[in-house]
Amino acid sequence: MNLQDYLNEAESIEREGGVALTAAPDIDALEQARIAFLGDRQGRVKALQEALRGISKEDKPAAGKRFNEARTRLEALLAERKTALSRAVAGASGEDLTLPARRQWLGAKHPVTLVIEEIEGIFRELGFSIAQGPEAESDWYNFGALNFPPNHPALDAHDTLYLEGEGLLRTHTSPVQVRTLQRYEPPIRVLIPGNVYRRDFFDASHAPMFAQIEGLCVDEGISFVDLKSTLNQFAERFFGAAKTRFRPSFFPFTEPSAEMDVQCGICGGTGCAACKGTGWIEILGSGMVHPNVLEAAGVDSEKYTGWAFGMGPGRIAISRYGIPDIRILYDSDVRFLERIAQPTGGATT
Ligand SMILES: [Zn+2]
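Below or above, wherever it landed, is the structure these notes cover. (Residues numbered from 1 in each chain as written. Predicted model: local features only at pLDDT ≥ 70, side-chain atom pairs only at ≥ 80, totals over all residues. Heavy atoms only, no water.)

Before going further, it helps to examine the overall build of the protein chain. Each helix and strand counted, the protein chain has 12 helices and 11 strands in total. Relative to its length of 349 residues, the protein chain is extended, with a C-alpha radius of gyration of 38 Å against a globular reference of 20 Å. Taking the principal axes of its C-alpha atoms as reference, the protein chain extends roughly 120 × 50 × 40 Å. Counting only residues that meet the buried cut, the protein chain has 39% of its 349 residues in that class. Looking at the protein chain alone, contacts between residues at least 24 apart form 66% of all its contacts between residues at least 6 apart. Counting every atom, the protein chain has about 19,300 Å² of accessible surface; 51% of that belongs to carbon and sulfur. Side-chain charges in the protein chain split into 37 positive and 47 negative, and the spacing between the mean points of these groups amounts to 10 Å. (Helix = DSSP H or I, 4+ residues; strand = E, 2+ residues; numbered from the N terminus. Rg over C-alpha atoms; globule rule 2.2 N^0.38 Å. Buried < 20%, exposed > 50% of the residue type's maximum accessible area, 1.4 Å probe, protein only. Contact = heavy atoms within 4.5 Å. Areas by Shrake-Rupley, 256 points an atom, 1.4 Å probe, with all protein chains shown as cover. Lys, Arg positive; Asp, Glu negative; His and termini not counted. Charge placed at Lys NZ, Arg CZ, Asp CG, Glu CD.)

Let us now look at the coordination of the zinc ion. Tetrahedral coordination by four donors puts the ideal angle at the metal at 109.5 degrees, and octahedral coordination by six puts it at 90 or 180 degrees. The coordination sphere of the zinc ion contains the protein donors C264 (SG), C267 (SG), C272 (SG) and C275 (SG), at a distance range of 2.2 to 2.3 Å. For the zinc ion, the four donor atoms in the first shell make angles of 105 to 114° at the metal, a pattern classed as tetrahedral. Mapping the donors of the zinc ion onto the primary sequence gives the spacing C-x2-C-x4-C-x2-C. Looking at C267, the relative accessible area reads 17%, which means it is buried. By relative accessible area, which is 4% here, C275 ends up buried. (Donors = N, O, S within 2.8 Å, 3.2 Å for Na, K, Ca; no water. Tetrahedral: all angles 85-135°; square planar, octahedral: opposite > 155°, others 65-115°.)

Right under this line is the structure:
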C-alpha cells in the first residue's frame, strides 16, 4: 500500500468510526461500533495497524503518525459517548433508570361506586335514566310529600339531622321521587343514587352517612306485576340466576309494600353465616307508590300508578366483597381498596 492510499484509508476509518460512535443511541449500539472499529480482532483500526507493515520504510513515520491520530481520536469519541450514555441511564440523581419501574397505585373506584354503577348499568338497559337531587332538603320533600304522618318517629331529632334554621339532611333519596314527579310528566322511569344521612352511631353496621339508590316507575296501568318482574330481572342480572321472594312490609310512601330477598348465593338457600342461617339475603324495600305521594307531587293518582324500590349499595358491597365492618368503607384504606379494585386500577409508570 502506498502512503497516499494508507492516509486515505486512515481518513475514512476515522470519519466513519467517528459517526458510528457518536451516533450510537445506546450502550449496545456503542459496543457494536467499538467492536467494528476498535475491536482487537476484526476492528478496522486493528487492520489499519496491520497495514503499517506493508508501508515502505521511508513512509512509515508519516503513516504511523496518522494511524495514531485516528486511533486516539476514535478512542476519545468512544469514551465520551460511553460517559454520555451512562449518565442518561443513571439519571440526574444517580439512580439506575434501567431498573424495572415499581408498580404505582393510581387509585380506583370505591366498592360502593362500583356497585352503584353496576346497578345503574342494568336499569339503564331497562329504560331508566338517572335523577339526582339536593342532600339538604325541606321537611316537606323528605317527609310530608312522602306521606309520613307528622308524628312519625323518623321525624324525631333522634333519628334525623336537622339543619340550623330550616331544613334537614335528607334521610333517604325518596325526596327526588317527588321532585321528579313535579318536574316531568309520566311515563317516568328514573334511578336515584345519592348519599343520605341518619342520626346513627358509627359502628360496625351503622354509619351516619351512607349511599342509597332507589328507582321509580310511574305510568298508566302500572301494577305490582311490573314491580316484581322488573326487580326479578334486576336480581337475576345482578346476583346471577338467584331465586327471589317478596315479603309484606310497610313504608309510608308505598302501599302495598314488600321487602325483596334473594336466595343466598353462598349456601344456595340451605343457610350459612352470611345469610344468618335463613338461606335468604334481604336486598331492597319496594312497593306501589302511595296515591298520596302522587297527589302531593301533582300527579293524578286516578290516571297514573307506579312502583318504587330502594336499596343500600353499601350493604350489597359488604356482602359481595365479604367486608366484615361497614367502617372500612369510609376509611379510605388503600390496602383494602386495592384488594377490591379492578386489576386495571393500578398501572406502572
Ligand atoms: Zn347462606
